[in-house]
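Summary of the model geometry
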Amino acid sequence: MASIDTLTLPLDQTSAADLAASGLEYARVDADGEGFRPFQRAVARGFLGAESTDDEAENARTTLRTRRLTAVYDRQGVEPEVPVGTIDSWASELTTSPGRTTPLWSISAVTVAATHRRRGIARAMIGGELRTAAAAGFAIAGLTVTEATIYGRWGFSPAAWASDVEVDTGRARWTGPTAPGRLDFVPREAVVDRLRAVHERVRVQRPGSVPGWDGRWRGVAGLAPGDKSGEKVRAVAYRTAEGDETGILVYVIDERDDFSAHDLEVRAIFAVDGEASAALWRFALEHDLVGRVKAWLQPSTPPVQWMVSDRRAVTATLTDHHWLRILDVPGALGSRRYAAGLDVILRVADPLGFAEGTWSLRIGADGEAQVSPSIDRPVDIDLTVGALSSLLLGGVRSAELALSGLVRGEARTLASLDRAFVSEATPLLDIWY
Ligand SMILES: CC(C)(COP(=O)(O)OP(=O)(O)OC[C@H]1O[C@@H](n2cnc3c(N)ncnc32)[C@H](O)[C@@H]1OP(=O)(O)O)[C@@H](O)C(=O)NCCC(=O)NCCS
């Protein structure tokens, strides 16, 4: 699929008509137009945040200029220019196998005014996004969620998980590898470029990942306006003995009452390989005057567990993080590489219609899939579009989903599907979007 300017795609007429029938207006918002500040106010309200300052709004505008902003207005309201619904989306890229990516319709900023909840505004906005994405040729849509109860009804389902990690440094004596390279502090102004460079290398190797963007990296670096901890942000980069910069750690020391046991809060730890990862984790764990290291969005089984003398010094709390929604079955299943051959017929149930159908999935010895509609062979596996979206990256096994009835098929067929779908690297999304 050629790269596509999502800003020029037309507004979904089904949603426009549905909302108009309730007296509401569905419209695009120009990030450089008058509608932008009210859009921002509505998003901040929806996520229970403070009103943004002029500096914060300008900072957000630089990111949102490249995004498709859509809003719902109630023109009878006291503030008719402030949307009662907001959503934004953009063309991103999902890593489906190490070294392989596919276009992803990313969705964010979904809010509905507390005064207008449960009137179908979210349904119209999300349906509008899915129809627009599918019509533009996107095989997959994705989002990260604040609540796990909202998006399943539209066919989204978790496909990559992440752990929040805490390490008690008093218990965690380092037993991991000794990295032969060097660590250096990085000035805060240089952090954005360094984060971008390392993350670009990391994310294309990790199924479930997407690219970051400069606004995200400015936030991590403490350079976003309004960041109260911004001045406390420190960063160290790891360079191999050959001089290649393969890792970066960005962190803040959060002072506790006990001056010898502060918290080191990791804002980002990106490492191209195990060597850089070991160097950066060791730096964090052995930092003087630190009693606890906290990090978010880490792999589901964090590598640091295997690098300390007492693995129970590391606690990891797993959460679903990257939710995907397959819109086009051949496009989505054809976008990754597989671990083993397979020849099955899948029947996919999709109440919204995008992925509905019976599909032949043939995977050759080279790990490449061929997917086409099937009419004449008996079905081997019955599943929902959500279940297929969860299976896509190999982060969960079909045999596990079968226990809850989300997938149905003979045990040996599911076992062969799982052998093919198992991922070369556990799926992970290491940022919020
Ligand atoms: C979540 C939110 C967007 C829902 O908007 P809404 O316009 O009230 O939703 P709709 O009226 O379109 O509801 C569609 C369906 O989703 C259900 N639903 C809506 N919010 C839900 C929630 N938080 N949990 C479970 N179900 C929910 C509705 O009951 C309805 O179900 P039905 O189809 O069976 O009738 C809105 O409550 C909101 O803005 N919340 C705060 C911000 C937020 O959490 N955004 C999500 C970011 S990931």
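Residues numbered from 1 in each chain as written. Predicted model: local features only at pLDDT ≥ 70, side-chain atom pairs only at ≥ 80, totals over all residues. Heavy atoms only, no water.

**Here we look at the pattern of salt bridges**
Within the structure shown, the criterion is met by 34 salt bridges. Of the charged contacts in the structure, one is a salt bridge between glutamate 93 and arginine 203, with a shortest N-O distance of 2.7 Å. Of the two residues, glutamate 93 sits in strand β3 (residues 85-97) while arginine 203 sits in helix α5 (residues 188-203), which places them 110 residues apart along the sequence. Looking at glutamate 93, the relative accessible area reads 29%, which means it is partly exposed. In this structure, aspartate 343 engages arginine 377 in a salt bridge whose closest nitrogen and oxygen atoms are separated by 3.3 Å. (Salt bridge = Lys/Arg side-chain N within 4 Å of Asp/Glu carboxyl O. Helix = DSSP H or I, 4+ residues; strand = E, 2+ residues; numbered from the N terminus. Buried < 20%, exposed > 50% of the residue type's maximum accessible area, 1.4 Å probe, protein only.)

**What about the sheet that holds strand β13 (residues 342-349)?**
Overall, mixed pairing links the 5 strands, which are arranged β15-β14-β13-β16-β17 in an open sheet. Of all strands in the sheet, those bounded by a partner on one side alone are β15 (369-373) and β17 (407-409). If you compare each strand with its neighbour and ignore which way they point, the axes differ by 25° on average. Looking at chain direction, strand β16 (residues 381-384) and β17 are connected through 3 bridges and run antiparallel. Paired with aspartate 382 across the bridge in β17 is arginine 408. Sheet strands in contact with helix α11 (residues 411-421) are β13, β14 (357-363), β16 and β17, and its direction is about 100° off that of β13. (Pairing = 2+ DSSP bridges. Axes fitted to C-alpha atoms, helices over the stretch in contact; angles between N-to-C directions. Contact = heavy atoms within 4.5 Å.)

**Quick look at the domain arrangement of the protein**
With domains assigned, the protein is organised as domain 1 (6-143), domain 2 (163-320) and domain 3 (328-421). If you look at the interface, domain 1 gives 18 residues, while domain 2 gives 15 residues. Of the roughly 1100 Å² buried between domain 1 and domain 2, counting both surfaces, carbon and sulfur atoms make up 50%. Considering only the surface of domain 1 that becomes buried against domain 2, Asn59, Glu93 and Thr95 emerge as the three largest contributors, covering 38% of it. On inspection of domain 1 and its partner domain 2, the count reaches 1 salt bridge. Joining domain 1 to domain 2, the criterion identifies 7 residue pairs in polar contact (both at pLDDT 80 or more). Taken together, the elements giving at least two residues each to the side of domain 1 that touches domain 2 come down to α3 (54-64), β3 and β4 (100-112). (Domains from an automatic or database assignment. Buried area = accessible area lost by both parts, 1.4 Å probe. Polar contact = N/O pair within 3.5 Å; in protein donor to acceptor, adjacent residues only side chain to side chain.)

**Description of a positive patch on the surface**
Among the surface-exposed residues, Arg117, Arg118, Arg123 and Arg153 lie close enough to one another that they form a single positively charged patch. With respect to the secondary-structure elements, arginine 118 resides in the loop between β4 and α4 (121-135). (Patch = residues over 30% accessible without salt bridge, like charges linked within 9 Å, V, L, I, M, F, W, Y side chains within 5 Å. Areas by Shrake-Rupley, 256 points an atom, 1.4 Å probe, with all protein chains shown as cover. Lys, Arg positive; Asp, Glu negative; His and termini not counted. Charge placed at Lys NZ, Arg CZ, Asp CG, Glu CD.)

**Brief notes about the site of the ligand**
The immediate surroundings of the ligand are formed by 20 residues, with Val110, Val112, Arg118, Gly120 and Arg123 found nearest. Within the backbone of alanine 122, a nitrogen or oxygen atom sits 3.0 Å from an oxygen atom of the ligand. Computed on the free molecule, the ligand has an accessible area of 900 Å², of which 75% lies beneath the protein chains in the complex. Listing elements by their share of the shell around the ligand, those giving two or more residues are β4 and α4. Residue classes in the shell around the ligand are distributed as 8 nonpolar, 6 polar and 6 charged. (Near = heavy atom within 4 Å. Nonpolar A, V, L, I, M, F, W, Y, C, P; charged D, E, K, R; others polar.)

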